Every structure is written in structure tokens, then in C-alpha cells.
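Report on the structure
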Amino acid sequence: MQRIKTLSEYFKKYELSEKDPESFWSEIADSFTWKKKWDKVLDWDFEKANTKWFQNAKLNITENIFERNLKERGSKTAIIWEPNDPSEPSIHLTYQELYEETCKFSNALRSKGIKKGDRVIIYMPMVPEAAIAMLACARVGAVHSVVFAGFSSTSLADRINDCQAKMVLTSDGNFRGNKTIPVKSVVDEALEKSSTIESVIVLERTKQTINMFEGRDHWWHDCIKEESNVCEAEVLDSEDMLFILYTSGSTGKPKGVVHSSAGYMVYSAYTFLNVFQYDENDIYWCTADVGWITGHSYIVYGPLLCGATTVMFEGIPTFPNVSRFWDIVDKYKINQFYTAPTAIRALQAHGLDPIKNNSLESLKVIGSVGEPINEEAWHWYHDNIGKGNCPLVDTWWQTETGGIMISALAGITPNKPAHASLPLPGIHPVIVDADGNELIGNNVQGNLCIKFPWPSILRTTYGDHQRCINTYFSNYKGMYFTGDGVKRDHDGYLRILGRVDDVINVSGHRMGTAEVENAINEHEEVIESAVVGYPHNIKGEGIYAYVIVNSESSDDIIKAEIIDVVRKVIGPIAKPDKVQIVSGLPKTRSGKIMRRILRKIASNDYGNLGDTSTLLNPNVVEEIIKGAN
Ligand code: PRX
């Protein structure tokens, strides 16, 4: 695959992708290995949320990772694994070794009855086996659904039940900083609430005591012991499902975003190579977890398709101390480093002392993902980590887009602090006003839509296609609606302004306000709740919950219980930062909660609450302001 090398080449490619998208994408797709080539490049109808790329082509994505790369790169390191505890040895797996481990585990999956189309849940720590599990599913044509190992048993059970999964891949426990977290017992609890799982394969990681259920649970090492290191890949259709990844939206239940085989393969590889400008001998590190889309596209699939060396880190940025990220950069001489603004802000808060002993001179490109990066964090990252001479790619994209959509190409597109900048070739963003009118020209602000399909656009929401149509393709006719606000500045550069719907972005993780409210409402003494986001110095947005209770307990006790219920129902990442007990919520006469007012109060922005006289209960606003945290 050819990489774009200059700005004029970028503009040329962009123009071609607008004029003749089919030639543009088929030329890129030509550099992959196909069992059979496509009959037609693209077929689409946004009103029905139907998009098909590379129709009737046959392939297996893992043959494009392994067979396509092995000859030239068999002895090249594919994955470097850095454990949570730096005194434990790291692991380097070559492409040949990763291939053999993947084949063994693919055979183990087949021996346990997994076949094409079956759904397999992966609930694992950040260890090489997590990547092997994903690749083995892909090899045998099973559909993986990775669930972030911090989610609760209820969240896990919801996902298992929604996709009717047949198997869970997990570990005994998980090391995270100085904590050892139970993982298998969470799976056991989840499986009490679901009936479709036939077997569980457990990787031994922490060696803690766990229950193994006879007939259902098997150790990973036993499963692969007798298996061959060769495994024929299942032949898949271009549009066969590759994976499902659950993500939060404005309505209560997370949706299973579905990605297909061929389009996702082409797009994740193309964007990886071009955005990060990966060179053959570079060492690339993305700090995400494979439980999120960033881990799928830019730890596993994108880099491995391009024959890159990708680093997987099991731990957290603050263990054993706050120099950990920078120590890893120096240890492996990382060339491209990709992380989230929340991590940057958290580390920035510790000042420059933690980096004074690090050279960081291997870095060529630094990247940001998951949430808007504020200018202060951008400059700190650029000046102190990138030493002022590494291009900073601020990459905007979503679980649903499968790959990076708006971003500078490292060293090619001029950097502008806090601006994702320009769309990638093949991506046609439009800015619309509330009525759906396209806002043309520069210096405009509105909602971000995409008016033309790209290969890794989501294909459906699992089990409910109408939900996909309603969520993404109904707000603005003939366009994909992202849920984000955006500004095009006087130079034509795009700046993402954050969500315009009821989704909160906490530390780069998406949380639906309705989802958190549903969890809070599970507390017996809660009558009603309303959840909004507010600006948070480190997390980007914090979660603020207004709750009406009927309780004899003190406010402090009930607040702690509410936080605990959210932790149990969703997981620690959804815990409210602030809980305010109120006697009522501001509502319109038709009974709708006025979140706009609650958001302003949570943000300490009392000056401009707008007209509150039309509220059903205007007095409650004063009371809420008085009691605000
Ligand atoms: O609001 C945008 C924000 O994250 C949302 C997507 O979240 P998720 O599907 O979890 O994927 C995160 C990783 C790709 C978007 O709707 N977002 C993501 N990247 C950026 C961003 N906001 C501003 N700037 C970004 N670079």
C-alpha cells in the first residue's frame, strides 16, 4: 500500500476520492490478499442504512495479517507486551510466533464447537492472548465482541444476552497498578443471568483461586496443548461480520456496533499507515485497551495488517510511578505514541519532574484520541513530550466509524492546536444547522455529518437494524449523523466541539446519561434522577447526578450508596463524580426534564439560565442552585 508523502499528494488523493471514490478505494484494496476479488466496489443507501463495500469478494483478515506478511516479516516483532509490573519480563512475539499461537487457539475454538458466525465474548486483561483471541475468532469466522474488563457482571451479561454469545474467553484475574482484580468471578456472576454460553476458556494470569465449573470451564493452556500450529482460515464474504463492539448512546441500552470484514480491513490499515506515517522499522505504541475501538483498530488490526511492531501495555500510567509511560517510551524506543487527552492532563498535573530523566528522543509522532484536546494540554504534550518537533495528530473518529476520519497526516498536514484539522481522503464531512441545511464555507459551526460512505462505516446495530437507522441516519436525510458539534475555522480546519446529544465523554469513554440514570434508579430509595456532564479538569467531562430520594438515611450515606449502585450495575468508569440530593427536577409543562438548566448549574454557570418562568416548578431551580456541589 502506498503512503501519502506530501500535502499536495494529500489534496490530489482527496480530490480523486471525491470525484471517483470507487477507483480510489479499489486501488487501495488491491494491495490486500483476496480469495476472490469483488464484483462491485460500492452499493449504498443511507436512508435504509445499507452500505456494502467490495461486494462478493472473499477473504480472511488474518491471512492479510499473517500469510501476506510472513515471507518478508516472519522474524519481525509483531507484538511487544509490557506487563503491569515492570520487574516481570516483557514478551516479544514475532509474526511467525503470533501466527502459530493464533492457529493453535483457532484450532482450540473449533475443537470446542465454534464455527463461522458464532459470537464469542472476550473479557480479558491487556495481554497478548487478548489479541490472539481476537485474531483466532477472525481466523475461524467467529464474531468477537470484546467487553472492557472493567465492566460489571450486569453489563457483561447484557452484552452476552444481546448477541446470544456461545463462548466467553477470560482470565482468572487482572493486574492493574497495585491491585489484583477478579475477572473470572465476574464472568461467573454474569453467567447466572444468561443462558447461551456453552463454554468458558480461562487464561491463567494472576494465579488467584477461582471456581472452575466442570464441563463448562476450561484452562487456556489445556485447550491449546494438543493443537496444531497450522489452521486453515475460514473463507469469509466481504460483508460477513468481523466483530461487534458495544457502545453507549443517548438511549438507555448500549448498542452492538457491527463491523464487516473487508471494509474494516482496508480502512483500518490505510488510516494507520497514513495518519501515523509508519516506517518499516518503527515501534508503535497505542495506550488504549482492546476493550475499546481504539484498541481494535490501532493496537491490533491496523498495525498488524501493515506488518508493524505494536506495543501492548497491561498497566496504568501511574504505576509504579507517574514516569511509567515515559519509561516505556525510552525502554522500547517508541517512534509513534498514541494516547488520550485525559492521560495527558493527568500526567501534566504532576509537572515536569516525572520526565526529567527520560530522553523521549525516539519519538517521531504523537497522537491524541477519544475527546477534544484542550489547548493547554495540546501545548504541554507537544512541547514536553514531542519536544516541539513531533507532529501531533489529533484524530477524530468513533466506534461506529471503525477508523480515523478527521486528522492531520503526521508531518504532512500543518498542525493547529486543538484542531482535528482535515478529513482523510474518502471522508466527506458536512456541517449542518438544526434544520439540516448544509453550512458552506469557513467560519461556520454546527452538527457534524458525513455525506458519503467509507469502507468501515458501521453496518448495523446488532439485532436491531431500525435502531441503526433511527440513531444515525434519520436526523438528517441522506447523511450519517455523528452526534458531535464542529466548527470550521477561517482556514477550513475542523475543530470538534464535543457531543451535542445526551452522551457524556468521561476520560475518553462514552457514557449515556440515560444509562447512568437507569443504574441510579435501581437503588430502592431513589424516586427519580437526572444525569448531566460538566467540565472536569482531568477527565474532560465529569458525571453530575441530581437525585430525588425517599429515604431516612443521611445524604452522605445515600450518596455513597448511589455511587456504589452505579459501580455495580455498569462498572467503576460510570461512577458519578458528584451527587446532589434534590426535592424536584426542573420540568417543562409536558413533564420533560430541562437538562439544559441542569447542565448550566453543574457547570457553575448560573448567570444565563434562560427563561425559567415557563417551567412546571420554577422554584426548584433556586433550591438546586443553593445546594449545588
Ligand atoms: O465525541 C467524539 C469523541 O469521542 C466520540 C466517540 O467515542 P467512541 O466511540 O468511544 O470512540 C472513541 C475513540 C475513537 C466522538 O463522537 N472524540 C473522539 N475523538 C475525538 C473526539 N472528540 C474530539 N476530538 C477527538 N480527536
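All of these numbers come straight from a predicted model, not from anything done at the bench.

Attention now moves to the domain arrangement of the chain. Its domain assignment divides the chain into domain 1 (8–60 + 240–501), domain 2 (94–234) and domain 3 (503–627). Contacts between domain 1 and domain 3 engage 19 residues on the former and 16 residues on the latter. For the pair domain 1 and domain 3, the summed buried area comes to about 1,400 Å², and 48% of that belongs to carbon and sulfur atoms. On the domain 1 side of the interface with domain 3, the three residues burying the most area are Ser248, Trp292 and Arg499, jointly 33% of the side's total. At the junction of domain 1 with domain 3, the criterion picks out 1 salt bridge. The salt bridge partner of arginine 510 is glutamate 400, with a shortest N-O separation of 2.8 Å. No other element matches the 3 residues that helix α13 (residues 341–348) contributes to the side of domain 1 that touches domain 3.

On to the packing of aromatic side chains, then. Applying the stated criterion across every chain, the model contains 44 aromatic pairs. A ring pair is formed by tyrosine 298 and tyrosine 338, whose centres lie 6.2 Å apart and whose planes are at 80°; its orientation type is edge-to-face. Placement of the pair is tyrosine 298 in helix α11 (residues 293–305) and tyrosine 338 in strand β18 (residues 336–339), with a sequence separation of 40 residues. Taking the relative accessible area as the measure of exposure, tyrosine 298 reaches 0% and is therefore buried. Relative to tyrosine 480, the ring of tryptophan 454 lies with its centre 5.5 Å away and its plane at 80°, an arrangement referred to as edge-to-face. Of this pair, tryptophan 454 sits in the loop between β22 (444–450) and β23 (460–461) while tyrosine 480 sits in strand β24 (residues 480–488), and the two are 26 residues apart along the sequence. Residue placement shows arginine 159 over the ring face of phenylalanine 151; its charged tip is 4.4 Å from the ring centre.

Attention now goes to the pattern of salt bridges. The final tally for this structure, using the stated rule, is 45 salt bridges. Measuring nitrogen to oxygen at the nearest pair gives 2.7 Å for the salt bridge that ties aspartate 217 to lysine 184. Linking aspartate 217 in strand β12 (residues 217–219) with lysine 184 in helix α8 (residues 184–191), this pair joins segments that are 33 residues apart in sequence. The class of lysine 184 is buried, set by a relative accessible area of 0%. The residue lysine 356 makes a salt bridge to aspartate 353 at a minimum N-O spacing of 3.3 Å.

Here we have 4 strands laid out as an open sheet, ordered β21-β22-β24-β25, and antiparallel in their pairing. Unpaired on one side and paired on the other, β21 (429–432) and β25 (494–499) mark the two borders of the sheet. Averaged over all neighbouring strand pairs, the angle between strand axes comes to 45°, with direction disregarded. Where β21 lies against β22, 4 bridges are found, and the strand directions are antiparallel. Each residue of the ladder has a partner; that of valine 432, found in β22, is asparagine 447.

What follows deals with the site of the ligand. In the vicinity of the ligand, 17 residues are found, and the nearest of them are Asp394, Thr399, Asp484, Arg499 and Arg510. Here a nitrogen atom of the ligand sits 3.4 Å away from a polar atom, N or O, in the main chain of glutamate 371. In the model, an oxygen atom of the ligand is placed 2.8 Å from a nitrogen or oxygen of the arginine 499 side chain. Notes on the ligand: free accessible area 530 Å², of which the protein chains cover 96%. Those elements that place two or more of their residues in the shell around the ligand are α11, β20 (392–395) and β25.

This part is about the environment of methionine 265. Tracing the sequence through the fold places methionine 265 in helix α10 (residues 261–276). Classification of methionine 265 by relative accessible area gives buried; the value is 0%. The residues contacting methionine 265, other than those within four sequence positions of it, are Phe32, Trp34, Leu59, Ile61, Asn64 and Leu305.

Counting buried residues in helix α16 (residues 513–520) gives 7 out of 8 residues, a clear majority hidden from the surface. Against β26 (503–506), β27 (509–512), β28 (526–536), β29 (540–549), α17 (555–569) and α18 (595–602) lie the buried residues of α16.

Positionally, asparagine 335 belongs in the loop between α12 (324–332) and β18. On the basis of relative accessible area, asparagine 335 is assigned to the buried category, the value being 12%. With residues near it in sequence (within four places) discarded, asparagine 335 still touches Asn281, Asp282, Ile283, Ser362, Leu363, Lys364 and Val365.

What follows is about the packing of α10 against α11. Between α10 and α11, the shortest axis-to-axis distance is 8 Å and the interhelical angle comes to 90°. Looking at the two axes, α10 sits roughly perpendicular to α11. Where α10 abuts α11, its residues Tyr264, Met265, Ser268, Ala269, Thr271, Phe272 and Phe276 lie against His296, Ser297, Tyr298, Tyr301, Gly302, Pro303 and Leu305. Here the contact of α10 with α11 is built from residues that sort into 9 nonpolar, 5 polar and no charged.

Quick notes on the rules
Residues numbered from 1 in each chain as written. Predicted model: local features only at pLDDT ≥ 70, side-chain atom pairs only at ≥ 80, totals over all residues. Heavy atoms only, no water. Domains from an automatic or database assignment. Contact = heavy atoms within 4.5 Å. Buried area = accessible area lost by both parts, 1.4 Å probe. Salt bridge = Lys/Arg side-chain N within 4 Å of Asp/Glu carboxyl O. Helix = DSSP H or I, 4+ residues; strand = E, 2+ residues; numbered from the N terminus. Phe/Tyr/Trp six-rings, centres within 6.5 Å; stacked < 30°, edge-to-face > 60°. Buried < 20%, exposed > 50% of the residue type's maximum accessible area, 1.4 Å probe, protein only. Lys NZ or Arg CZ within 6 Å of the ring centre and 35° of its normal. Pairing = 2+ DSSP bridges. Axes fitted to C-alpha atoms, helices over the stretch in contact; angles between N-to-C directions. Near = heavy atom within 4 Å. Polar contact = N/O pair within 3.5 Å; in protein donor to acceptor, adjacent residues only side chain to side chain. Areas by Shrake-Rupley, 256 points an atom, 1.4 Å probe, with all protein chains shown as cover. Parallel < 35°, antiparallel > 145°, perpendicular 65-115°, else oblique. Nonpolar A, V, L, I, M, F, W, Y, C, P; charged D, E, K, R; others polar.

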